[in-house]
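Structure at a glance
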Amino acid sequence: MFTNSLRIGFAGLMISATAAWASPVGPATLQGDVKDSKGQAVAGAEVHIQAKDGSNLQKIVRTDATGHYVCPKLPQTDYEVVLFVNGAIKASINNTKTSATVPTQLDFKLTGQYATNKPVKKHTHMVYVPAETGSNLSGRWVEVDDNAGSSSAATAGTGHVDKGGAAMLRQLQSASGSSSGGN
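No experiment lies behind these values; they were computed from the predicted model shown.

One finds Ile49, Val81, Leu83 and Phe108 to be the most contacted residues of the largest nonpolar core, which totals 21 residues. Mapped by element, the contributors of at least two residues to this core are strand S1 (28-35), strand S2 (46-51), strand S4 (68-74) and strand S5 (78-85). At 4 residues, S5 tops the list of elements feeding residues into this core. If we ignore the near neighbours within four places in the chain, the residues touching Val81 are Leu30, Val47, His48, Ile49, Ala91, Ser92, Ile93, Thr96, Leu106 and Phe108.

This is the structure we're talking about:
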């Protein structure tokens, strides 16, 4: 009976030693606040912390109702810290060094600039340009800007004019008449 108790106690000691060895503990603390563009606290944001020393140490902490997060007992090393809000990456800091004596303060203030500075969507379509007569090369597809008008198709090498009036027709006829390629 005593031998079984000794075996169980030894197994428990080995399991707790393995768990302590698997998760490194150190004297450093990483903490901070997450605020939106209006200065309001962002609750429930995830702060992903990963050691850059090759130890594969990764921690995830969430902000509380006041937007504050704390990650204690970290080894003193360099970390990559990534902020996720509603599953989207909002900020990333690649080289944060922790200290054993004082907590490392890492605050995030979201500016909202990514939502307001969206680039204007370019409206284009693809046009097939057939091969030149007598060429052994096949045709090609060319991207044409819809906002540039009919000149963009001609520039792309298609020779296709979407819109044109009588003046354009006279110009084409006079150009073909002046350059007679006769015999």
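This part takes up the side chain of Thr29. Relative to the helices and strands, Thr29 resides in strand S1. Those residues within four positions of Thr29 in sequence are excluded, and the remaining contacts are Val70, Cys71, Pro72, Lys73, Ser99, Pro103 and Thr104.

Mean pLDDT over the protein works out to 75, with 61% of the residues at or above the 70 mark. Scored below 50 in pLDDT, residues 17-22 makes 0 contacts in the model with residues more than four places away or belonging to other chains. In this model residues 114-118 is a low-confidence stretch, pLDDT under 50, and it forms 0 contacts with partners more than four residues away in sequence or in other chains.

Let's shift gears to the sheet that holds strand S3 (residues 58-62). Ordered by their spatial adjacency, 4 strands build an open sheet running S3-S2-S5-S6, and the pairing between neighbours is antiparallel. If you trace the sheet from one side to the other, it starts and ends with S3 and strand S6 (88-97), each paired once. With direction set aside, neighbouring strand axes in the sheet form an average angle of 20°. Pairing analysis gives 7 bridges linking S5 to S6, with the strands arranged antiparallel. By the bridge assignment for S6, Asp78 is matched with Lys97.

Parameters and conventions
Residues numbered from 1 in each chain as written. Predicted model: local features only at pLDDT ≥ 70, side-chain atom pairs only at ≥ 80, totals over all residues. Heavy atoms only, no water. Core = buried A, V, L, I, M, F, W, Y, C linked by side-chain atoms within 4.5 Å. Buried < 20%, exposed > 50% of the residue type's maximum accessible area, 1.4 Å probe, protein only. Helix = DSSP H or I, 4+ residues; strand = E, 2+ residues; numbered from the N terminus. Contact = heavy atoms within 4.5 Å. pLDDT = per-residue confidence, 0-100. Pairing = 2+ DSSP bridges. Axes fitted to C-alpha atoms, helices over the stretch in contact; angles between N-to-C directions.

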